[in-house]
Amino acid sequence: MRSLRSGSLTSLLASVVTAGSLLLAAPASHAADTPLRDLAEAKGKVMGTAVTGSKLTGTYGEIAGREFNWLTPGNAMKWGSVESSRGSYDWAEADRIVDFAEAHGQQVRGHTLLWHQQNPGWLTNGSWTRDQLSAIVQDHIATEVGRYKDRLAAWDVVNEPFNEDGTYRPTLFHTTLGQDYIAQALGWARAADPSAKLYINDYNVEGVNAKSTALYNLVKSLKERGVPIDGVGLQAHLIVGQVPSTLQQNIQRFADLGVDVAITELDIRMQLPSTPAKLTQQAADYKAVMHACVAVARCTGVTVWGFTDSDSWIPDTFPGQGAATPYDENYQPKPAYHAIAEALGGTTTPPPTDACTATYSVTSQWSNGYTGQVRIACSGASLSAWKANWTFGAGQRITQAWNASCTQSGAAVSCANAPYNGSVPDGGSVTFGFNASWSGSNPVPVVTLG
């Protein structure tokens, strides 16, 4: 870590220090030496992402096409999206994703046929008899699955059928059609496309618990009855530091039933703002999930639920939380991205140690106070979070700060990014400012990043 020399205010209005410990907080902005999809394929796995079809251009489209070999429509294939009015279909967004995937040598996971959310009003507000709803559901599955016959690799046929205690969720489908609606839906999907793999998908079933055991018992029963069921999807919407210790054990017990297992919607959220420590833990958590899947032969692979924080559902659903995906909002890979690559046997090229710098300057000064500014800039690396630290040498004290959260203990100052400016892309910069008091002299302090 390089430090700055003290000097007079007139000769040293600006000083730069390199963060020697940068790698601990922010890995290189460059992608892995080998794309994730190639690393996954070498291990017989898939590496997927949920996508928004309308965004599949520019940098978003370039990353989606380069790094992933499976795509899941985030919303485009849900019932409310494709048939908002009964008998009137809109396939534009779904078609865009499927076309993109085929152009980039990718498979598509259909998501989802039956779910208790994002259904059209005409369906949820109707007063249907069992026979009527059965005919509607069968027609919906036949129409949607049939449209993409032989073009989709898998379908999440039924999504989130269980409560947390393992009882069946009282959905429109369960209440009207009965518990066997799942078996019926699977059968109708198989008839519509015999080549697609059929899954049941749920959340909070990653570890061994009451909910995952209910799913296990259902799959076991379906297999025994000869109902077409090819796999289970473990969504894996996780929280930093809370990867279930029984994840691999749980994957293995489903595999032992003779079905595939997929991690279908992985993201790992944190309380904002992100910090180097949180990002490090998040990377370890991503690696743990990847390792659990790689260790089980019938775990087909992992899909992240959006690869960039700018396309994540987390902030809108969990206020104050976010930063859950492998790329930040500026499409820069985070430590989590590199952890995924390493778990798949890949390597990454570290950035130069002087890739990000902090420039300290005094922009104005008066008899007993001054305004200071710190500019953090990156070239050849990126930051997902930052912290600037220094120790005043002449009794200066910060009285106000903006665009950063600053604390001072004695002479030691630490300024961390605000919730909205933690990301510094390769070739970009951020600045923050402060007012401070001084008396006698105002030497430039030593500044470090990390």
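Residues numbered from 1 in each chain as written. Predicted model: local features only at pLDDT ≥ 70, side-chain atom pairs only at ≥ 80, totals over all residues. Heavy atoms only, no water.

> So what's going on with the overall build of the chain? Residues and values would help.
The number of helices and strands found in the chain is 14 helices and 19 strands. Referenced to the eigenvectors of the C-alpha coordinate spread, the extents of the chain come out at roughly 90 × 45 × 40 Å. Put simply, the chain has 450 residues, and 55% of those count as buried. As displayed, the chain offers around 17,400 Å² of accessible surface, 49% of which is attributable to carbon and sulfur atoms. For the chain, the distance from the average position of its 31 positive side-chain charges to the average position of its 38 negative side-chain charges is 5 Å. (Helix = DSSP H or I, 4+ residues; strand = E, 2+ residues; numbered from the N terminus. Buried < 20%, exposed > 50% of the residue type's maximum accessible area, 1.4 Å probe, protein only. Areas by Shrake-Rupley, 256 points an atom, 1.4 Å probe, with all protein chains shown as cover. Lys, Arg positive; Asp, Glu negative; His and termini not counted. Charge placed at Lys NZ, Arg CZ, Asp CG, Glu CD.)

> Give a detailed account of unusual backbone geometry, specifying residues and quantitative values.
For the bond running from H111 to T112, omega is -5 degrees, close enough to zero to count as cis. In this fold, T112 is placed in strand β4 (residues 107-114). Of the consecutive residues L272 and P273, the connecting peptide bond is found in the cis state with omega at 5 degrees. If you trace the backbone, P273 turns up in the loop between β9 (260-271) and α12 (276-294). We note that Q118 has phi near 55 degrees; this positive angle belongs to a residue other than glycine.

> So, helix α7 (residues 130-147): which residues are in play, and what are the values?
With 18 residues, α7 should cover 26 Å at 1.5 Å per step; its first-to-last C-alpha distance of 26 Å lies within 8% of that length. Those residues of α7 that sit buried are L133, S134, I136, V137, H140, I141, E144 and V145. Buried residues of α7, seen end-on, are gathered within an arc of 165 degrees and therefore sit on one face of the element. Those residues of α7 that are buried are in contact with α4 (79-82), β4, α6 (121-124), β5 (154-159), α8 (172-177) and α9 (181-192). (Expected span 1.5 Å × (residues − 1). Arc of directions from axis to C-beta. Contact = heavy atoms within 4.5 Å.)

> Residues and numbers for the side chain of T325, please.
Summarising the element assignment, T325 is placed in the loop between β11 (321-322) and α14 (335-343). The buried category is assigned to T325, whose relative accessible area is 0%. At a separation of 2.9 Å, a polar atom in the side chain of T325 contacts the main-chain carbonyl oxygen of Y327. Among residues more than four places away in sequence, those in contact with T325 are Q282, Y286, W305, G306, F307, T308, D309, S312 and K334. (Polar contact = N/O pair within 3.5 Å; in protein donor to acceptor, adjacent residues only side chain to side chain.)

> Before we move on, can you summarise the pairing of strand β2 (residues 46-51) with the specific residues and values?
Summarising burial for β2: six of the six residues are buried, a large majority. Here β2 shows two buried faces, one formed by V46, G48 and A50 and the other by M47, T49 and V51. The sheet contact formed by β2 and strand β10 (residues 299-304) spans four bridges and is parallel. Residue pairing across strands places G48 opposite T303, the latter belonging to β10. By the bridge criterion, four bridges tie β2 to strand β3 (residues 70-73) in an arrangement that is parallel. Bridging across to β3, G48 finds its partner in W70. Remark: the β2/helix α3 (residues 58-67)/β3 crossover connection has right-handed handedness. (Pairing = 2+ DSSP bridges. Right-handed = clockwise from strand over helix to strand, strands pointing away.)

> Outline the packing of α7 against α9, listing residues and values.
Between α7 and α9, the shortest axis-to-axis distance is 9 Å and the interhelical angle comes to 35 degrees. In this structure, α7 meets α9 at a crossing whose hand is right-handed. Judged by residue contacts, S134, V137, Q138, I141, A142, V145 and G146 of α7 engage A185, W188, A189 and A192 from α9. Taken together, the residues of the contact of α7 with α9 sort by class into eight nonpolar, three polar and no charged. (Axes fitted to C-alpha atoms, helices over the stretch in contact; angles between N-to-C directions. Left-handed = near helix turned anticlockwise from the far one by under 90°. Nonpolar A, V, L, I, M, F, W, Y, C, P; charged D, E, K, R; others polar.)

> Go over the nonpolar core with me, naming the residues and quoting the values.
Ranked by internal contacts, the top residues of the largest apolar core, which has 96 residues, are M47, W155 and L266. In contact with W155, other than residues within four places in its own chain, are M77, G110, H111, L113, E144, V145, Y148, A196, K197, L198 and Y199. (Core = buried A, V, L, I, M, F, W, Y, C linked by side-chain atoms within 4.5 Å.)

> Lay out the confidence of the model for the chain with the relevant residues and their values.
The predicted model of the chain averages 91 in pLDDT, with 92% of residues at 70 or higher. Here residues 1-29 is modelled with pLDDT under 50, and outside its nearest four sequence neighbours on either side it reaches 82 contacts, counting other chains as well. (pLDDT = per-residue confidence, 0-100.)

> Tell me about the domain arrangement of the chain, and name the residues and values.
By the assigned domains, the chain splits into domain 1 (36-344) and domain 2 (356-449). In this structure, domain 1 and domain 2 have C-alpha centres spaced 43 Å apart. Listed by partner, the interface residues are twelve residues for domain 1 and nine residues for domain 2. With both chains or domains summed, domain 1 and domain 2 bury close to 730 Å², and 55% of this area falls on carbon and sulfur atoms. By the criterion of area lost to domain 2, the three top residues of domain 1 are P273, N330 and Q332, representing 46% of everything that side buries. Summed over the shared surface of domain 1 and domain 2, the number is zero salt bridges. When grouped by side-chain class, the residues that make up the side of domain 1 that touches domain 2 number five nonpolar, four polar and three charged. (Domains from an automatic or database assignment. Buried area = accessible area lost by both parts, 1.4 Å probe. Salt bridge = Lys/Arg side-chain N within 4 Å of Asp/Glu carboxyl O.)

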